Amino acid sequence: MSQEFGLFIGGKWEVPPGAKRFVTKSPATGEELGSFVSATAADARRAIESAGQAFDGWRRTPPPKRGQILLEAARIFKERKNDLGRLVTQEMGKILPEGKGDVQEAIDFVEYMSGEGRRLLGETVPSELRNKYCFTLRQPKGVVVAITPWNFPVAIPNWKIAAALISGNTVVFKPASNTSRCGAELTKVYEEAGLPPGVLNLLTGSGSSVGKELTTHPLVRAVSFTGGTDTGRGVYTEAAQALKYVHLEMGGKNPQIVMDDADLDLALDGVLFGAFGSSGQRCTATSRLLIQQSVYDRFLDMLLKRLAKFKVGNPLNDGIDMGPVASADQEKKILGYIETGKSEGAKLIMGGKKLKGGAFDKGYFIEPTVFEARHGMRITLEEIFGPVLSVIKVADFDEAVRVANGVDYGLSSSIYTRDVNRSFQAMERLEAGITYINAPTIGAEVQLPFGGIKNTGNGGREAGTVAIEEFTEIKTVFVDFSARLQKAQIEV
Ligand code: UN1
């Protein structure tokens, strides 16, 4: 099914003369999925300029009309949900129900944002003077850049693109290289939905070739980035010099706490889904399991029994619990962390190896891995972004909160308890942008804000109605209909 794609600039798919190409491959089978242009800095400039030219027309398109185009895009996404879900699974490696879930999350958000076209609310505030109105308007920023990761190759680009478009911005979209096919297919959906030329532009290729242009070009007003902390820090620093608005969404080291009064079967289902869904490659993945000591042995035993039956294999097949990790780089990094865990004295109690033999040899498969660890070891502090869970024994609720908060990240968190007071204390005390009560650390819904504190981000939120804050400027308007000079603050 491999196919050749160009860049999408100014409403046209084009292959620049002399363009270099790269391919994407399934991390499960090695099958080639598409060939793409490695965009250069000059291509990035053209994409930004085309977005700049399209801006005036798009910003003047009434938001409800923009919403209609989004609704049409959502309809096409729905029509193609199975095919796109399959593509996500093939190109990124998450199991098929999760591949389709990725597309569903995009559909949900694009539909939600289409309605925002009839809101984009401002505020009306009284004036201190007579015959004067004061209110605010939301206006687009201009050309915005969306730099997106491979772990949600359809959902996350849409979180950014749909919020940016409904707000009246034009977009340059740069997906992660290894999920370029998903990036190209979703761009086609917007093209077919009737987006005017230049409103959405696609650049494929490596961030090192186009990154500088995307973060510093004078026409770019905002950069929205989801990905690793090191890359995010680089984007932030470079864009800061050019005074761009930057929104960052980065790592996590998300804890699931299991108290001794929890429904343990429910907590078990939660941690399996949270830690090993998408092979642990979510920013929201459960990477630490904090168990209260009185139920520690029992819960760990339940976990290991279930994991022993876990099926790892081709993510397109039925009955598979976990697919491969997304790339050779991912595999190397995760296996490296497993070695780190062993060498710092964590006890490996499940998995820990690359799977070999037969079909496994064509891909990057790692066993679901569990360590008994002590808080403070590197594997309990750093984001691994793979199927590796650190289990930590805690004496009581206070220690659970202290350990949960004892990391540099703060995206998601979860507690299983039947004690209603405890659950509210957890809501208040866990340092994270998201807290789940009796549910795993993954599974955010699009109508609520998504994002984290500490090194997870720089304060913004995606999804929910607040998503548009990232992509709008507030204009304050004063209308004086007194027909004379009125002076605020001045005594008369
Ligand atoms: C991410 O991991 O980068 O809550 C996003 C979740 C998904 C989104 C995750 N709805 O796990």
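None of these values were measured; they are calculated from a predicted model.

Enquirer: Residues and numbers for the packing of aromatic side chains, please.
Expert: For the coordinates displayed, the defined rule picks out 11 aromatic pairs. Ring plane angle 10° and centroid distance 5.3 Å describe the contact between Phe 5 and Phe 36, whose orientation is recorded as stacked. Of this pair, Phe 5 sits in the segment before strand E1 (7–9) while Phe 36 sits in strand E4 (residues 32–37), placing them 31 residues apart in sequence. Each member of the pair Phe 5 and Phe 36 is classed as buried. Judged by centre distance (4.9 Å) and plane angle (40°), the ring pair of Phe 8 and Trp 13 falls under tilted. Its relative accessible area of 5% is what places Phe 8 among the buried residues.

Enquirer: For helix H2 (residues 63–79), give the residues involved together with the corresponding values.
Expert: In this model H2 runs 24 Å from its N-terminal to its C-terminal C-alpha over 17 residues, within 8% of the 24 Å that 1.5 Å per residue would give. For H2, every residue scored as buried is listed here: Arg 66, Gly 67, Ile 69, Leu 70, Ala 73, Ala 74, Ile 76 and Phe 77.

Enquirer: Tell me about the packing of H2 against helix H4 (residues 96–116), and please be specific about residues and values.
Expert: Contact pair H2 / H4: the axes reach a minimum separation of 8 Å and the direction vectors enclose 160°. One element, H2, and the other, H4, form an angle in the roughly antiparallel class. Crossing of H2 against H4: the hand is left-handed. In contact with Gly 67, Leu 70, Leu 71, Ala 73, Ala 74, Phe 77 and Lys 78 of H2, H4 contributes Val 103, Ile 107, Val 110, Glu 111, Met 113 and Ser 114. Here the residues of the contact of H2 with H4 sort into nine nonpolar, two polar and two charged.

Enquirer: Any chance you could break down the sheet that holds strand E18 (residues 412–416) for me, citing the residues and the numbers?
Expert: Taken together, seven strands build an open sheet; the order of strands is E14-E15-E16-E13-E12-E18-E19 and the sheet is mixed. Looking along the sheet, the strands with just one partner apiece sit at the ends: strand E14 (347–350) and strand E19 (434–437). For this sheet the average axis-to-axis angle between neighbouring strands, irrespective of direction, equals 25°. Strand direction decides the pairing type here: strand E15 (residues 369–372) and strand E16 (residues 388–394), joined by four bridges, are parallel. The residue bridging Glu 372 from the neighbouring strand is Val 391, located in E16.

Enquirer: Can you explain a nonpolar patch on the surface? Please cite residues and give values.
Expert: A surface patch of nonpolar side chains, amounting to about 310 Å² of accessible area, comprises Tyr 133, Val 479 and Phe 481. Here Phe 481 lies in the segment after strand E21 (472–480). For Phe 481, a relative accessible area of 43% puts it in the partly exposed group.

Enquirer: Provide a residue-level description of unusual backbone geometry, including the pertinent values.
Expert: Positioned with a positive phi, Leu 120 is a non-glycine residue whose angle comes to about 40°. By the secondary structure assignment, Leu 120 is in the loop between H4 and strand E5 (124–125). The phi dihedral of Gln 489 is positive, around 70°, even though this residue is not glycine. Following the sequence through the fold, Gln 489 ends up in the segment after E21. Taking the relative accessible area as the measure of exposure, Gln 489 reaches 67% and is therefore exposed.

Enquirer: Give me the lowdown on the domain arrangement of the protein, citing residues and values where you can.
Expert: In many analyses, interface size is given as the accessible surface area lost on bringing the parts together. The domain boundaries assigned to the protein delineate domain 1 (7–250 + 457–477) and domain 2 (254–437). The C-alpha-based centres of domain 1 and domain 2 are spaced at 31 Å. Counting residues at the interface gives 21 residues for domain 1, matched by 27 residues for domain 2. Across the interface of domain 1 and domain 2, roughly 1,800 Å² is buried in total on both sides, 59% from carbon and sulfur atoms. Inspection of the region where domain 1 meets domain 2 yields one salt bridge. A salt bridge links Glu 98 to Arg 282; its shortest N-O distance comes to 4.0 Å. Joining domain 1 to domain 2, the criterion identifies five residue pairs in polar contact (both at pLDDT 80 or more).

Reading the values: the criteria
Residues numbered from 1 in each chain as written. Predicted model: local features only at pLDDT ≥ 70, side-chain atom pairs only at ≥ 80, totals over all residues. Heavy atoms only, no water. Phe/Tyr/Trp six-rings, centres within 6.5 Å; stacked < 30°, edge-to-face > 60°. Helix = DSSP H or I, 4+ residues; strand = E, 2+ residues; numbered from the N terminus. Buried < 20%, exposed > 50% of the residue type's maximum accessible area, 1.4 Å probe, protein only. Expected span 1.5 Å × (residues − 1). Axes fitted to C-alpha atoms, helices over the stretch in contact; angles between N-to-C directions. Parallel < 35°, antiparallel > 145°, perpendicular 65-115°, else oblique. Left-handed = near helix turned anticlockwise from the far one by under 90°. Contact = heavy atoms within 4.5 Å. Nonpolar A, V, L, I, M, F, W, Y, C, P; charged D, E, K, R; others polar. Pairing = 2+ DSSP bridges. Patch = residues over 30% accessible without salt bridge, like charges linked within 9 Å, V, L, I, M, F, W, Y side chains within 5 Å. Areas by Shrake-Rupley, 256 points an atom, 1.4 Å probe, with all protein chains shown as cover. Salt bridge = Lys/Arg side-chain N within 4 Å of Asp/Glu carboxyl O. Domains from an automatic or database assignment. Buried area = accessible area lost by both parts, 1.4 Å probe. Polar contact = N/O pair within 3.5 Å; in protein donor to acceptor, adjacent residues only side chain to side chain.

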